[in-house]
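Each chain, letter by letter, is given below.
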Amino acid sequence: MKRILTVQDISCVGRCSLTVALPIISAAGVEAAILPTAVLSTHTQFSSFTFCDLTPEIEKISLEFDKHGLTFDAIYTGYLGSFEQLSLVSELFDRNRGEGCKIVIDPVMADNGVLYKGFTEEFAGEMAKLCTKADLIIPNLTEASFMLGVPYNPNYDEAYIRSLLKSLCSLGTKEAAISGISFDKSKLGVYSYNSETDEYFYYCNDYLPVAYHGTGDIFASSVVGALMRGHSTASALKCAVDFTLECIKATMADEDRRVYGVNFEQALAYYISRLENKD
Ligand code: PXL
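Attention here is on the structure that accompanies the text. What you see is a predicted model; the values in this text were computed from it and never measured.

About the criteria used
Residues numbered from 1 in each chain as written. Predicted model: local features only at pLDDT ≥ 70, side-chain atom pairs only at ≥ 80, totals over all residues. Heavy atoms only, no water. Buried < 20%, exposed > 50% of the residue type's maximum accessible area, 1.4 Å probe, protein only. Helix = DSSP H or I, 4+ residues; strand = E, 2+ residues; numbered from the N terminus. Pairing = 2+ DSSP bridges. Contact = heavy atoms within 4.5 Å.

Re the pairing of strand E9 (residues 175-181)
Extensive coverage of E9 is indicated by the burial of six of its seven residues. When E9 meets strand E10 (residues 187-194), the two strands line up antiparallel, connected through six bridges. Counted as the bridge partner of Ile178 is Tyr191 from E10. Here E9 folds back onto E10 in antiparallel fashion, the turn holding five residues.

Here it is, written out as structure tokens:
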């Protein structure tokens, strides 16, 4: 069985980061090892929350993994909250990656043209440096723009997205995928570029006129699960688009839905069967 290490925070309530990554990667039939970077009562979109910083644990845990010869088939990072965490994770990549390990970075820090609480343009620049070590990065359009230091432009065309993807790969990552891309009001999907083969890929499914927090984490986790199940990047991205849509549909159908997070639990059975299709 493949084993991945995912490095991100635990938001106790809020259905994001580790509370999403763990169940989704486990559902894919892949061992999910974790390195929690912080414990928060909820994610930071709530008006108040507790925050216990676990930064001092990162290097200690990474060194122990190394001491026990523990390596990973993939290392997947999500929300990282400080410059120090970026630098420790960069060292962790070098120390714990092992032969053939795929590094997947979701540079969680912004959406809809704005940075999340606590993030700065300087941080986005440092995140871009971490991305030089990745095999695949999965930003949304806002995160891609901040990392490249270009204005957020929601009125894009296909040529613009392709140029962003090329610029992202020139940072050093082999592949980049921008989530939440739409060229038709009724569709939403992902656009990717592989700098080794010089190939672009676009896949979309239906757009539903709602916005729930946490879909980015669901998307990235389901990409990682599919990759570890032997999907190509293109096929993993397709699985993730379809699964995220199912999660949104389940949430919309729930009269008791929360204002935060999506009902991904109700779509896990769909994800498991969707993984059988590797086209
Ligand atoms: O969903 C991304 C995320 C993860 N972790 C924390 C967050 C957010 C987004 O706001 O605040 C703590």
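What follows continues from the structure just given.
A look at the sheet that holds strand E4 (residues 74-77)
A sheet is described by the order of its strands in space; here nine strands give the open sequence E3-E2-E1-E4-E5-E8-E9-E10-E11, paired in mixed fashion. Two strands lie at the open edges of the sheet, namely strand E3 (51-53) and strand E11 (199-206), each paired on one side alone. Bridge analysis of strand E1 (residues 3-13) against strand E2 (residues 31-42) gives nine bridges, and the strand direction is parallel. Pairing of Ile4 across the sheet is with Ala32, part of E2.

A few points about the environment of Gly225
Within the fold, Gly225 resides in helix H7 (residues 215-228). What makes Gly225 buried here is its relative accessible area of 0%. In sequence terms Gly225 and Ile4 are 221 residues apart; their C-alpha atoms lie 8.9 Å from each other. Filtering out sequence-adjacent residues up to four positions away, Gly225 remains in contact with Ala28, Val30 and Tyr271.

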